[in-house]
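The chain contents come next:
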Amino acid sequence: MFYNSIKTPVIMKTGRKILGNINYLLNDAHLFFPAKILVTQENLYELYREDLDKTEFEKILFIKGGNVEETANIMAECRESDALIIAFGGGSVLDAVKYSASTIDKPYITIPSALSNDAIYSTVARLVKNGQKVGFDVQPPMGIIVDIDVIRNSPRELLLAGIADLVSNLSAIQDWLLSHNEIGEPINELAFMLAKESAMPILHYSEEDLFSDKLILDLVNGLITSGLSMSISGNTRGASGAEHMISHAIDKYYPEKATIHGLQVGWALQIIEKRYRGDEYGINDFFERIGIKKLIEEKVPFSEEDFDALVPLAKKIRKRYTILNKI
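What counts, and where the lines are drawn
- Residues numbered from 1 in each chain as written.
- Predicted model: local features only at pLDDT ≥ 70, side-chain atom pairs only at ≥ 80, totals over all residues.
- Heavy atoms only, no water.
- Phe/Tyr/Trp six-rings, centres within 6.5 Å; stacked < 30°, edge-to-face > 60°.
- Helix = DSSP H or I, 4+ residues; strand = E, 2+ residues; numbered from the N terminus.
- Buried < 20%, exposed > 50% of the residue type's maximum accessible area, 1.4 Å probe, protein only.
- Pairing = 2+ DSSP bridges.
- Axes fitted to C-alpha atoms, helices over the stretch in contact; angles between N-to-C directions.
- Contact = heavy atoms within 4.5 Å.
- Core = buried A, V, L, I, M, F, W, Y, C linked by side-chain atoms within 4.5 Å.

Right, let's talk about the packing of aromatic side chains for a bit. Counted by the stated rule, this structure contains eight aromatic pairs. Between Tyr254 and Phe302, the aromatic rings sit 6.0 Å apart at their centres with planes inclined by 70°, giving edge-to-face as the arrangement. On the criterion of sequence distance, the pair formed by Tyr254 in the loop between α11 (242-253) and α12 (261-277) and Phe302 in the loop between α14 (292-299) and α15 (304-314) is long-range, its members being 48 residues apart. Tyr254 gets classed as partly exposed once you look at its relative accessible area, which sits at 30%. One aromatic cluster in this structure is built from Tyr254, Trp267, Phe302 and Phe307.

Structure representation (C-alpha cells):
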C-alpha cells in the first residue's frame, strides 16, 4: 500500500504564560537536545528576558530579521552545533530561521511574538535579497509554541494582518479550482479541504473578539492547518492566489509604498471578491465587522485604479493561473 509522507509538528502548544516553560514543554513532547540556540530580536529578548532566562541557551543570536544576508551568521553559528534552534519573534525573524535551519538541515521550532502571517508553519520563507523580497522553499518547523499573553502584547494591526492572510485562503482555493477547470491543473483534495477549513472558523468573529483566547487559538490552529495544506500539496496553491500575487507585485515594483504583507493581501482580496467573485464567503462584510477594512484604508496607499495597474505586473510574479488571467 502507498501513502503520502508529510511532516507534522512534534509539539504544538498554545497557552497562557508558557514562554517560561520551554524546557518542560519540550521534555513533555519527548524532545531532548544537548543544547538550545535562541534566535530573536534584542528588544524582544529584553522585553521577555525574565521568561526566556528560565531556559538555558548555548547561544543567543540577535538579528533584525527579514534579510537573507543575516542568515549567513545564523548558519555559521549553528552549523557545528547539535542544538535545537528556537526562533522567537515576528514573521521576519521566523522566516530568517526557517531559511537558515532548512539550508543547514537543523531542527528548529517557532515561537511567534505576533500572528501577522503564516510564517509560524509555512513551507515558504520570504526574505529581502538585493533589495527585493524573494520566496524560498523551506522545511516546516518541528514544533510551534504560542504564548497567548505574548500575542496579546503584539500590535493590533499585526493580528488583523494575520487574520486577513489566513482568510485569503478562501480566495486561493477558488483560484486553484479555476485553474483545475480551465487548464486541468491537478488538485490535491486533502490539501484543498485543509486550506478551506483553516480559514472558516475565523469568519465568525467581530472586533470585540480581538485578542480573546478563543480567537487567538483559532488563528493559531488555522495558520498551522494552512501550513499542513501546503506540506501535503507540495506547493502554496491553497494559501496563495491572485491576492498574494498582487501583494508580491507591490513589494517588487513599489517597495517604497509597501506595508504589512497581510494588509496588502487583504486589500487585493476585498477588491477581487467584490468585482469578480460575488463574495461567496462574505469576506468584505467580515473585514468591516472585525476592523480590517478601516485599517486597510489607513495603511495601504493604493486605490482600485492602482489595482488595475498592478494586474499585469502581478501576472509576471509567477506562472500561476488565477482570476487575474480572466481579467
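Right, let's talk about the sheet that holds strand β1 (residues 11-15) for a bit. Taken in spatial order, the six strands of this open sheet run β1-β8-β5-β4-β2-β3, and their pairing is parallel. Edge positions in the open sheet fall to β1 and β3 (59-62), since each of these has one partner strand only. Ignoring strand direction, the axes of neighbouring strands in this sheet form an average angle of 15°. Here five bridges tie β1 to strand β8 (residues 143-147), and the two strands are oriented parallel to one another. Bridge assignment links Lys13 to a residue of β8, and that residue is Ile145. Packing of helix α4 (residues 71-78) onto the sheet brings it into contact with β2 (36-40), β3 and β4 (84-89), and relative to β3 it is tilted by some 175°. Along the sheet, helix α10 (residues 213-233) makes contact with β1 and β8, crossing β1 at roughly 160°.

Along the chain, the position of Lys98 falls in helix α5 (residues 91-104). Here Lys98 falls in the buried class, since its relative accessible area comes to 0%.

So, about the nonpolar core. Counting residues in hydrophobic clusters, the biggest one holds 91 residues, and the most contacted among them are Ile163, Val167 and Trp267. At eight residues, the largest contribution of residues to this core is made by α10. Each residue touching Ile163, except ones within four places of it in the same chain, is listed here: Ile202, Leu210, Leu215, Leu219, Phe286, Ile290 and Ile292.

Function cannot be inferred from these measures alone, as they are strictly geometric.
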